[in-house]
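# Residue-level structural notes
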Amino acid sequence: MRWGFIGASRIAERVIGSLRQLPGQELVGVVSRDAARARQFAAEQGLTGADTDLDRFLRDGRFDAVYVSSTNEQHCAQTLAALAAGCHVMCEKPLAMSVADADRMVSDAAARGRVLATNHHLRASDCHRQMRTLIASGAIGRVHGVQVSHAVYLPLQLQGWRLDQPQAGGGVVLDILVHDVDVLRFLLQAEPRHIYTSAAQAGLARGSVEDSAMSVIEFDGNVLAQLHQSFVAPHAVTRLHVLGTEGNLYAQGSMTQAGAGRLWLRDAQGERELPVQPVNLYEAGFSAFIRACTGDGAPLASGLDGARAMATALAGLASARSGCRQDIA
Ligand code: NDP
């Protein structure tokens, strides 16, 4: 497939590295708001095209697929333009900045017969895939509770718009909570219905942007999930604990970009660690997307999945503002 990259971003560099591992991918060009950045990105990443005008970039059916990894407020308009140009789209999370925009993206892709996927890479984790299978098989009985600790220290090079630009979709809720909600929807195969969130500033974020948040989410099936996201937690290990009536599953270090982690099952037979295979999460996610574009299966996370996670995050932000539990649209 011929690829265009919308956004000269850091994550695009990582994705390009993964796409280069997959056969048959032609990585063509990048579009950026800044000509010098576009040229530098193209040169560093071995792309032939560098542009600053999206319509010109997308002309003449140059691309089969695009990867949208700009700041969040641009995702919707850029995705709609790419779909109109006939491209399949892998869009970064959060899919958009409003439920109405996300709905438009999903329905437009469907109307045009294009694949719209969301880059919720954590679905590719072997740890999470094993947890989903074990939960579905009833290995821990009926799930009633989940605890997620997804606290990190935001690397220096990412301490930009995420910390002080609400209009660009900054803040830990739109950045990390969306991933966590997607993982829980994937594990539980259930929908989130209500959310209560408290948000705070703990040292990095400025203005109205939060760098720490704790939420309680009620999922269908009477499952209560408790989630913590943070940008200000150096040396923390991510933790994911799923509690069932017959046992529980506990993962450490799985909620990262690294595609590793450790997993334990505890039940009446005692505790055992389950082997987890390392996975390149981006390679796996883009591989599934590429297959979906040729009519073979579905992307790991669809546009609709991205929309559900984003709607939950927006309800969380509304809850943090109002102090009240919110229904999820
Ligand atoms: P970056 O800050 O690296 O890039 C975002 C945009 O900022 C780029 O598109 C670029 O705009 C502009 N930009 C890049 N470098 C500079 C610079 N030196 N000076 C000024 N502007 C610059 O963001 P990320 O790569 O961290 O995130 C991009 C998107 O990807 C977000 O939506 C984020 O949520 C998502 N993401 C997803 C991850 C995942 O695992 N699924 C992981 C990390 C991010 P322009 O296009 O105009 O050049």
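Refer to the structure presented above.
None of these values were measured; they are calculated from a predicted model. (Residues numbered from 1 in each chain as written. Predicted model: local features only at pLDDT ≥ 70, side-chain atom pairs only at ≥ 80, totals over all residues. Heavy atoms only, no water.)

## Side note on the pattern of salt bridges
This model, assessed by the stated rule, comprises 18 salt bridges. Here Lys93 makes a salt bridge to Asp175, at a shortest N to O gap of 3.1 Å. Taken together, the residues span a long stretch of sequence, with Lys93 in the loop between strand E5 (88-91) and helix H5 (99-112) and Asp175 in helix H8 (residues 172-188) at a distance of 82 residues. Across the pair, exposure class does not vary: Lys93 and Asp175 are buried alike. Put simply, Asp108 and Arg112 hold a salt bridge, and the shortest N to O gap is 3.0 Å. One end of the pair is Asp108 and the other is Arg112, both in helix H5 and four residues apart, which spans about a single turn. Note on Arg112: relative accessible area 41%, which makes it partly exposed. (Salt bridge = Lys/Arg side-chain N within 4 Å of Asp/Glu carboxyl O. Helix = DSSP H or I, 4+ residues; strand = E, 2+ residues; numbered from the N terminus. Buried < 20%, exposed > 50% of the residue type's maximum accessible area, 1.4 Å probe, protein only.)

## Quick notes on the site of the ligand
Close to the ligand lie 24 residues; Ser32, Arg33, Arg37, Asn72 and Tyr282 are nearest. Measuring from an oxygen atom of the ligand, one finds a backbone N or O atom of Ala8 at 3.3 Å. Within the backbone of Asn119, an N or O atom sits 3.0 Å from a nitrogen atom of the ligand. Notes on the ligand: free accessible area 890 Å², of which the protein chains cover 83%. At the level of elements, helix H1 (10-19), helix H7 (161-164) and H8 are the ones that each hand at least two residues to the shell around the ligand. Of the residues in the shell around the ligand, the class split is five nonpolar, 12 polar and seven charged. (Near = heavy atom within 4 Å. Polar contact = N/O pair within 3.5 Å; in protein donor to acceptor, adjacent residues only side chain to side chain. Areas by Shrake-Rupley, 256 points an atom, 1.4 Å probe, with all protein chains shown as cover. Nonpolar A, V, L, I, M, F, W, Y, C, P; charged D, E, K, R; others polar.)

## Looking at the nonpolar core
The biggest cluster of nonpolar side chains holds 51 residues, and the ones touching the most others in it are Met131, Val146, Leu184, Leu187, Leu240 and Val242. Not counting chain neighbours up to four residues away, the residues in contact with Val242 comprise Met131, Ile135, Ile140, Val143, Gly145, Val146, Leu187, Gly247, Asn248 and Leu249. (Core = buried A, V, L, I, M, F, W, Y, C linked by side-chain atoms within 4.5 Å. Contact = heavy atoms within 4.5 Å.)

## Thoughts on the sheet that holds strand E11 (residues 239-244)
With mixed pairing, nine strands are arranged side by side in an open sheet as E14-E13-E12-E11-E7-E10-E9-E8-E15. The open sheet has two edge strands with one neighbour each: strand E14 (270-274) and strand E15 (326-327). Here strand E9 (residues 212-219) pairs with strand E10 (residues 223-230) via eight bridges, running antiparallel. Residue pairing in the sheet places Ser212 in a bridge with Ser230 of E10. The sheet strands contacting H8 are strand E7 (143-151), strand E8 (192-200), E9, E10 and E11, and the helix crosses E10 at an angle near 150 degrees. Set on the sheet, helix H10 (residues 303-322) makes contact with E8, E9 and E15; between it and E8 the angle comes to about 50 degrees. (Pairing = 2+ DSSP bridges. Axes fitted to C-alpha atoms, helices over the stretch in contact; angles between N-to-C directions.)

## Considering the state of the cysteines
Covalent bonding between the sulfur atoms of two cysteines is what defines a disulfide. Following the criterion strictly, the structure yields zero disulfides and no others. There is no disulfide at Cys76, and the cysteine sulfur nearest it, in Cys91, is 8.8 Å away. On the basis of relative accessible area, Cys76 is assigned to the buried category, the value being 7%. (Disulfide = S-S within 2.5 Å.)

## Quick notes on the environment of Ala315
Among the secondary structure elements, Ala315 is positioned in helix H10. C-alpha separation for the pair Ala315 and Gly207, spaced 108 residues apart in sequence, amounts to 20 Å.

## So, H8
For H8, with 17 residues, the first-to-last C-alpha span of 23 Å sits near the 24 Å given by 1.5 Å per residue. Largest kink in H8: about 25 degrees, centred on Val178. Buried residues dominate H8, accounting for 17 of its 17 residues. Where H8 terminates, the next one or two residues include Gln189, which has phi positive at roughly 50 degrees. (Expected span 1.5 Å × (residues − 1). Bend = angle between axes of the 7 residues up to and from the residue.)

## Focus: unusual backbone geometry
Residue Pro94 is reached from Lys93 by a cis peptide bond, and omega for that bond is -15 degrees. As for its placement among the helices and strands, Pro94 is situated in the loop between E5 and H5. For Asp60, which is not glycine, the phi torsion reads 55 degrees and is therefore positive. Assignment of secondary structure puts Asp60 in the loop between helix H3 (54-57) and strand E4 (65-68). Positive phi is not limited to glycine here, since Gln189 has a value of about 50 degrees. Its location among the elements puts Gln189 in the loop between H8 and E8.

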